[in-house]
Each structure stands twice: as structure tokens, then as C-alpha cells.
Amino acid sequence: MLTGLHNGAKLYCVDPRRSESAEWADVWLGIDVGSDIALANAVGREIIHAGLTNREFIERATTGFDDYAAVVEPYTLERGSEITGVPAAAIRDLAHTYAQADRAQLCWTLGITEHHNAADNVFALINLALLCGHVGRYGSGLVPIRGQNNVQGGGDMGALPNKLPGFQDLTDDDTRGKFEAEWGVEVPSTPGRHLTQMFDGIEEGAIHALYIIGENPAQAEADVGRARRLLGTVDFIVVQDILLTRTAEMADVVLPAAADWCEAEGTVTSSERRVQRVRKALDPPGEARPDQHVIAALAAQLGHDWGLPTDTRDGEVVARAAEMVWDELRSLSPMHAGMSYRRLDEHGGLQWPCYDEDHPGELLLHARLWEDPITGPPAPFTPVEYAPPVDELTDEFPIRMTTGRHLDAYNTGVQTDGYTSPLRREKRSGARIDVSPEDADRLDLADGDVASVTSRRASLEAQVRIHDGLRPGLVFMALHYPDETDVNLLTIEAWDPKSGTAEFKATAVRLEKVKGQPSHADDGAEVGRVSA
């Protein structure tokens, strides 16, 4: 990003907080949490009314434009500003700059997807790209930025309740038949449950056992108090992980796993669909083994010999086992068919789809939309309407809390908490809540004071940090430090029916100064504050 900016690219940052990225931006659009669709629709309407659409692309490569235009018509600049809190002039500036740019990208992270309407948020952005033809061309596109490595690879391998590896549809009889012939078992045609639905299944008495690999739901789930209560009712839990997480502490059996990024062989897939080799550098400690070996050994105990070599201390054996698994995947997933280990090594990675060993891999996933006529189906506009966060602001809960990451910390802190950081010399500390100067003055809070934070689900105490990057009515807490501030006790379990993602980003809370602390009302001087 910085290279692009130094070369003259323009950056617009849409974020409720004045984040580090906003510091580099030409324009910061300080949006109200959960109003992303209203902003996108207002941008789309302005592009249409200003005559800045890519009509040739829309007519040749898309469907549904008229329906989309009708839905966004009420989202005037004024209405967009009223809903989002972003000045109308800034919305107009964004719309005109994006539409008229020769190349433009829309990048997003969990601020878009951790909402009860997560998929609709993404559709709203896709609509803008289709409106301007900013897709399928070098330098243009839609870029979901992942928070950890190989998220893309997990989805590619079928870690979704309705998909088989290679994003093949579970409900398609011919597709299932191919996998059944290879695996020698019947593959259920009914999609499974996503994570949030699994907890509903526990509550309903439909799920009695869990096998949890590399996940820490006892600290990572929204409304985590409910999650822990339900985990405590499960008859039998197996956890397979590299560290003893809070979830592992609740398990009946813990299977020690290798850190696959350095203690195993395999592949990793980036957000740009590039598959690369991972090579074993270290032996796993103690009895830890690579995930695929643990799973194969468990299958053997259940009476199914998958033929996978089991000597995990021999590097050549580990590499051969990983390649066997990968070659099976290639035989079943057309988009991976041409990605042999030999070719991955020769090219330093390949991008899917890669259909055979003569295929170079697709640099641009949607380049076909620029062919005339296009190959394959046209790209559909998907009209979506704004809907506010589920956790409503009221007089009792008047402040919006959003959660997020610190640059040098990782998820629930299992792998990073307790260590010094390259960005700061002291041990990480996240037991804080960031508060705007205006709210701090109103609530008689100073830097370092302790405040109680209460939502409709729970209450906790956190140290206050006054931060100029927040607007009045918004507070922020990081998600990495549940042992210090168990923030997910506060978050709401409302989830998106299309993606299954919970609404971590929008919690209604109230903030109160813990009794017994000195008043700052008459200090007559500003307390220490963090500038954005």
C-alpha cells in the first residue's frame, strides 16, 4: 500500500476509528458502525446520477443493473450522510474519484464481515466494482484482506458446511458421486452446520461430541458466556492444537499438534489464490504430530487405513505423506488439477484455477468479463438495503462498542500474549478500553481510570485509554486479551444468515466510572491522551 501511495495512488479509508491506515489516507470517512451498505449505496447512486458508470461493461458483462439502480435511488448524498455520519461532500468525492480512476481496488477486512448482514455488505461493494468495471483487470479488483495465513486455503479445501474441496457444491449428485467413488463412503447431501449453528445444535441436544482443530471458541465466540456454558454441557470434546487453549482446558482429550507452518509439509494459499509449498524446518516437540498424521492415526483406530506414512520424524516421509494428500485433492478438485508439487516448486507457487499441468494459473480471476463475448455467466448486481445493527442503542446502552485487532497481536492472544512485541518493548497489555476525549470528559474519566463496561449480556471492568481517533459515542476494545478483559462476554451472538458470521463489530454498551476513584472534573488540565 505504501509503495502505491508514494507512487501517487490515492487512498480513502472508511473506518469508524481514525486508524493507522487512516493516518496515511488522503481522506478518512469516519463511518458510524454498521452503516456500510448505506454508504456504498449512496456512492453507487452518485456514480449513476453523475453519468460515471461503465455502460459498455455493464451491458456486456453484468445483469440486474436496473433493479440495482432502483434500490439505490433513495440513497441520496444527504440520506447517506444522515445514516453514516460521513459528510455528503466526502461521499461525493469518494464516488467521483473511484468511478473516474483508471484502476481502483476495494479492500476490506472484518469491519465489513463481522455484522449480521455481512454478505450484504460485501455485495454492496461488489456492486460498486461492477458499476465502474473495476474487476478482472490488473490493478483493479475486490480484495478481502485476511487476518491470518491460509484462511483462503481452508475454504478451498472444503472447510465450509455446504461445499466440497474446490468450492464444489455438496448438493450436486454428480460431484458427490466423484468423491464417494474416491473415498469409498457415502457423502451426505445435506449441508452441515456452521460454527454458530453448532452451538445452537448443542443447546437443542442435537450435538453431543465435538472435535475441535486449531480453534478456541471458549474465548473467540460472540456472547462467549453462552458459548462456555454450552461447551460445558457437551458429553465429549477432543481438541487438537499446538497450545493448551482455554478450549483445550475444557476438553476430555487433547491431541498435541505440530505447528504446521514450520514443523510439517504442505501448502498455503494466499488471498490472491496463490498456492505455495510449506516445508518442514523443525521437528515437532514431544509427541506433537502434523494435523494430517493425527487425523489419519485416528482414522486407523476407527478401522480405516488411509495408507498415510506415519513416521513423522523422517522429513522425507512427512513430505511424501503431504504430497499424497495433495495429489488426492488435485484428482478431485478441477481448479487445483495442474498444481503438482513439482510445478509449485518450479514456479514458486501457482494461482488457481489451474486446470492441467500445461496451464499457467489464472492471474486475474474475472478476466473473462472483459472478453467479447464473455465466457461463462455474466456477473450479477445484487441489490441490498441498509439495516442497522441488531444491538440497538438506547438511553440505557447509549454507546457503540466495536472490537478489532492490534497490529502486533493475534486472535485470542494464545500465540502472542505474554511476549514482548517488536513494536513495543514491554509485555503486551490489552486490558483497556479506548474512549473519545468528549466521552471521557462527560463521564469524568481520565487515562488509567477503571470503568465498568456493561452490555445486555454481561459487565466487565477495563482500564481507560483516552484516544483522539474516536468520535463521541464510540469506544473500542481489542479482542486479543481475554485473560485480562474478556471482551466477548459483551458481544452479541446475532449472526448473518448467509455467511454465519456473528456481529462482533456492533455492541451497545454503557460506560461508568468505577466508584472510589478521584474526580477529575476540577483538574483544570487535560490528562494524558493518545493522538491518532
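All of the points below concern the structure found in this document. Computed from a prediction, not measured in an experiment: that's the story for all the values here.

Some thoughts on the overall build of the chain
- Of the regular secondary structure elements, the chain holds 20 helices and 22 strands.
- For the chain, whose C-alpha radius of gyration is 25 Å, the value lies close to the compact-globule estimate of 24 Å for 532 residues.
- Taking the principal axes of the C-alpha coordinates as reference, the chain spans close to 75 × 60 × 45 Å.
- For the chain, with 532 residues in total, the buried portion stands at 48%.
- As presented, the chain carries roughly 25600 Å² of accessible surface, and 51% of it is formed by carbon and sulfur atoms.
- Across the chain, the 49 positively charged side chains and the 85 negatively charged ones have centroids separated by 3 Å.

Some details on the packing of helix 6 (residues 77-84) against helix 7 (residues 88-100)
- At a minimum axis distance of 8 Å, the contact between helix 6 and helix 7 shows a crossing angle of 115°. Considering the angle they form, helix 6 stands roughly perpendicular to helix 7. Crossing angle aside, the handedness with which helix 6 passes helix 7 is right-handed. Where helix 6 abuts helix 7, its residues L77, G80, S81 and T84 lie against A88, I91 and R92.
- A class-by-class count of the residues in the contact of helix 6 with helix 7 yields 3 nonpolar, 3 polar and 1 charged.

Overview of the sheet that holds strand 8 (residues 209-213)
- Reading across the sheet, the 3 strands line up as 8-9-10 and stay open at both edges, with parallel pairing between neighbours. Either end of the sheet is taken by a strand with one partner, and the two such strands are strand 8 and strand 10 (253-256). Taking each pair of neighbouring strands and ignoring which way they run, the sheet shows an average axis angle of 10°.
- Both strand 8 and strand 9 (residues 236-241) contribute to a ladder of 5 bridges, which runs parallel. When the sheet's bridge partners are listed, Y211 is paired in strand 9 with V238.
- The sheet strands contacting helix 17 (residues 291-301) are strand 8, strand 9 and strand 10, and the helix crosses strand 8 at an angle near 150°.

Thoughts on the packing of aromatic side chains
- Following the criterion strictly, the structure yields 5 aromatic pairs and no others.
- With a centroid separation of 5.1 Å and an interplanar angle of 65°, the aromatic rings of F179 and W183 are classed as edge-to-face. Separated by 4 residues within a single helix, F179 and W183 lie in helix 11 (residues 173-183), roughly one turn from each other.
- Three or more aromatic residues joined by ring pairs make a cluster, and in this case those are F65, Y68 and F381.
- One Lys or Arg, R17, reaches over the ring of F476 and ends 3.7 Å from the middle of that ring.
- If you follow R273 out to its NZ or CZ, it ends over the ring of W352, 5.7 Å from the centre.

Cut-offs used in this document
Residues numbered from 1 in each chain as written. Predicted model: local features only at pLDDT ≥ 70, side-chain atom pairs only at ≥ 80, totals over all residues. Heavy atoms only, no water. Helix = DSSP H or I, 4+ residues; strand = E, 2+ residues; numbered from the N terminus. Rg over C-alpha atoms; globule rule 2.2 N^0.38 Å. Buried < 20%, exposed > 50% of the residue type's maximum accessible area, 1.4 Å probe, protein only. Areas by Shrake-Rupley, 256 points an atom, 1.4 Å probe, with all protein chains shown as cover. Lys, Arg positive; Asp, Glu negative; His and termini not counted. Charge placed at Lys NZ, Arg CZ, Asp CG, Glu CD. Axes fitted to C-alpha atoms, helices over the stretch in contact; angles between N-to-C directions. Parallel < 35°, antiparallel > 145°, perpendicular 65-115°, else oblique. Left-handed = near helix turned anticlockwise from the far one by under 90°. Contact = heavy atoms within 4.5 Å. Nonpolar A, V, L, I, M, F, W, Y, C, P; charged D, E, K, R; others polar. Pairing = 2+ DSSP bridges. Phe/Tyr/Trp six-rings, centres within 6.5 Å; stacked < 30°, edge-to-face > 60°. Lys NZ or Arg CZ within 6 Å of the ring centre and 35° of its normal.

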